[in-house]
Amino acid sequence: MFLASKIFWLLAQPLSLAFFSILIGFVLALRGRARIGGVFGSLGLVALFVTLFTTTGSYFLQILEDRFPRPSPPAELSCIIVLGGAFENVVIAGRGGIELNQAAERFVETVRLAKTYPAARILVSGGDGSLSGGYAGDAEASRAFFDAFGIAPERLVREEDSRTTFENARNTRDLLSANRMEHCALVTSAYHMPRSVGLFRSFGIDVMPWPTDYRTSGKVRLGFDFTQPALNAQLTTTAAKEWTGLLAYYLLGRTQTLLPR
């Protein structure tokens, strides 16, 4: 399932769909099927335009980010779960050190919570999600990160095997039970929170959603945007991946609702 999902997404992301639609249209036109070729080519160009020059990606990402507002800080917090996806593990493998990507706020926020609630234990869930399987996962990479900020190693519980959000939830359930940890804050990117909460709920895990790593202003409206095509493409790809994941998990019966709140 993991390998199939990776290959599917390589082909199904917006820019790939646009490219293959245009390519198919071109081949069909060369074979004398100009009309159907024109349809495919036009669909590809429309997909390309929407991806690069509209706020569609930001708008649909914003819908996900708004599902779970950050709660008021509780008086006490005994457990923090942080999902991986923030470390540049390929770069770390080649260069060493601690390298973070755009989702770094997941771990920065976890450090802040750990400092605010010094009795809270931290469960880091994240293995090697690469196709090669040849790199350290986020749970392993986070050891040096937390040590650099003075977080005692005995506060950490590392789940190093998960490669997908479904595996995050499944494997975390077992570790929570083994370590008698409950009523945890769940830290992940705001756009990723609906899918994460839906899966954690399906495994009977009670969590307090603690979203971070927001990618939108909260005030995005549908429209044209010719100022930042590269960023628009990135946001559209992220939104498409997350909505596709929500739909897939719902259709597979792994979540009870399509869009948890």
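None of these values were measured; they are calculated from a predicted model.

### Notes on the sheet that holds strand β5 (residues 207-212)
Sheet strands pair via backbone hydrogen bonds, and the direction of the pair is either parallel or antiparallel.
Right, so step 1: With parallel pairing, the five strands of this open sheet are ordered in space as β3-β2-β1-β4-β5. If you trace the sheet from one side to the other, it starts and ends with β3 (156-159) and β5, each paired once. Along the sheet, successive strands turn relative to each other by an average axial angle of 20°, direction set aside.
Right, so step 2: Sheet topology note: the strand β4 (residues 184-189)/β5 ladder contains six bridges and is parallel.

### Concerning the pattern of salt bridges
Right, so step 1: Taken as a whole and assessed by the stated rule, the structure comprises seven salt bridges.
Right, so step 2: With a closest N to O distance of 3.2 Å, R163 and E167 form a salt bridge.
Right, so step 3: The partner of R173 in a salt bridge is D174, with the nearest N and O atoms 3.5 Å apart.

### Looking at the packing of helix α3 (residues 34-53) against helix α10 (residues 229-251)
Right, so step 1: The contact between α3 and α10 brings their axes to 6 Å, and the two run at 105°. Classified by the interaxial angle, the pair formed by α3 and α10 is roughly perpendicular. For the pair formed by α3 and α10, the contact residues are T51, L52 and F53 on the first element and P229, N232, A233 and T236 on the second.

### Overview of the packing of aromatic side chains
Right, so step 1: For the structure on display, the rule yields 16 aromatic pairs.
Right, so step 2: Residues F145 and F146 carry aromatic rings whose centres are separated by 5.5 Å and whose planes lie at 80° to one another, so their mutual orientation is edge-to-face. The two residues F145 and F146 agree in class, both being buried.
Right, so step 3: Aromatic side chains F166 and F203 sit 5.4 Å apart centroid to centroid with 55° between the ring planes, which places their arrangement in the tilted category. Of this pair, F166 sits in helix α8 (residues 165-178) while F203 sits in the loop between α9 (193-202) and β5; the two residues are 37 residues apart in sequence, bridging distant segments of the chain. Comparing F166 with F203 shows no difference in burial state: the two are buried.
Right, so step 4: An aromatic cluster is defined as three or more aromatic residues linked by ring pairs; in this entry it consists of F87, F107, F145, F146 and F149.
Right, so step 5: Geometry around F166 places R254 over its ring, the cationic atom sitting 3.8 Å from the centre.

### Things to note about α8
Right, so step 1: Taking 1.5 Å per residue, 14 residues should reach 20 Å; α8 reaches 20 Å between its end C-alpha atoms and fits that length.
Right, so step 2: By the burial criterion, the buried members of α8 are T165, F166, E167, N168, A169, N171, T172 and L176.
Right, so step 3: Residue R180 follows α8 closely and has a positive phi angle near 55°.

### Some remarks on the nonpolar core
Right, so step 1: Within the largest apolar cluster, 24 residues are counted, with the highest numbers of intra-cluster contacts made by I80, F107, I122, V124 and F146.
Right, so step 2: Elements supplying a minimum of two residues to this core: β1 (79-83), α6 (105-116), β2 (121-125), α7 (138-148) and β4.
Right, so step 3: Those residues in contact with I80 that sit more than four places away from it in its chain are T110, L113, A114, A120, R121, I122, L123, C184, A185 and V187.
Right, so step 4: Membership of the second largest hydrophobic core comes to 20 residues, among which are I81, M193, L199 and Y249.

### Topic: the packing of helix α1 (residues 2-12) against helix α2 (residues 14-30)
Right, so step 1: The contact between α1 and α2 brings their axes to 5 Å, and the two run at 60°. If you check the angle between α1 and α2, you find them oblique. Contacts between α1 and α2 involve W9, L10, L11 and A12 on the former and, on the latter, P14, S16, L17 and F20.
Right, so step 2: Looking at the contact of α1 with α2 residue by residue, the classes come out as seven nonpolar, one polar and no charged.

### Let's talk about the domain arrangement of the protein chain
Right, so step 1: By the assigned domains, the protein chain splits into domain 1 (1-65 + 227-252) and domain 2 (71-212).
Right, so step 2: Taken over C-alpha atoms, the centre of domain 1 sits 30 Å from the centre of domain 2.
Right, so step 3: Contact residues are listed per partner, giving 13 residues for domain 1 and 14 residues for domain 2.
Right, so step 4: Buried surface at the junction of domain 1 and domain 2, both sides included, amounts to about 1,300 Å², of which 66% is carbon and sulfur.
Right, so step 5: Among the residues of domain 1 in contact with domain 2, F2, E242 and Y249 are the three that bury the most area, contributing 50% of the side total.
Right, so step 6: The tally of links from domain 1 across to domain 2 stands at one salt bridge.
Right, so step 7: A salt bridge links R195 to E242; its shortest N-O distance comes to 2.7 Å.
Right, so step 8: Across the contact surface, domain 1 and domain 2 share two residue pairs in polar contact (both at pLDDT 80 or more).
Right, so step 9: Secondary structure elements with two or more residues in the side of domain 1 that touches domain 2: α1, α4 (56-65) and α10.

Cut-offs and rules
- Residues numbered from 1 in each chain as written.
- Predicted model: local features only at pLDDT ≥ 70, side-chain atom pairs only at ≥ 80, totals over all residues.
- Heavy atoms only, no water.
- Pairing = 2+ DSSP bridges.
- Helix = DSSP H or I, 4+ residues; strand = E, 2+ residues; numbered from the N terminus.
- Axes fitted to C-alpha atoms, helices over the stretch in contact; angles between N-to-C directions.
- Salt bridge = Lys/Arg side-chain N within 4 Å of Asp/Glu carboxyl O.
- Parallel < 35°, antiparallel > 145°, perpendicular 65-115°, else oblique.
- Contact = heavy atoms within 4.5 Å.
- Phe/Tyr/Trp six-rings, centres within 6.5 Å; stacked < 30°, edge-to-face > 60°.
- Buried < 20%, exposed > 50% of the residue type's maximum accessible area, 1.4 Å probe, protein only.
- Lys NZ or Arg CZ within 6 Å of the ring centre and 35° of its normal.
- Expected span 1.5 Å × (residues − 1).
- Core = buried A, V, L, I, M, F, W, Y, C linked by side-chain atoms within 4.5 Å.
- Nonpolar A, V, L, I, M, F, W, Y, C, P; charged D, E, K, R; others polar.
- Domains from an automatic or database assignment.
- Buried area = accessible area lost by both parts, 1.4 Å probe.
- Polar contact = N/O pair within 3.5 Å; in protein donor to acceptor, adjacent residues only side chain to side chain.

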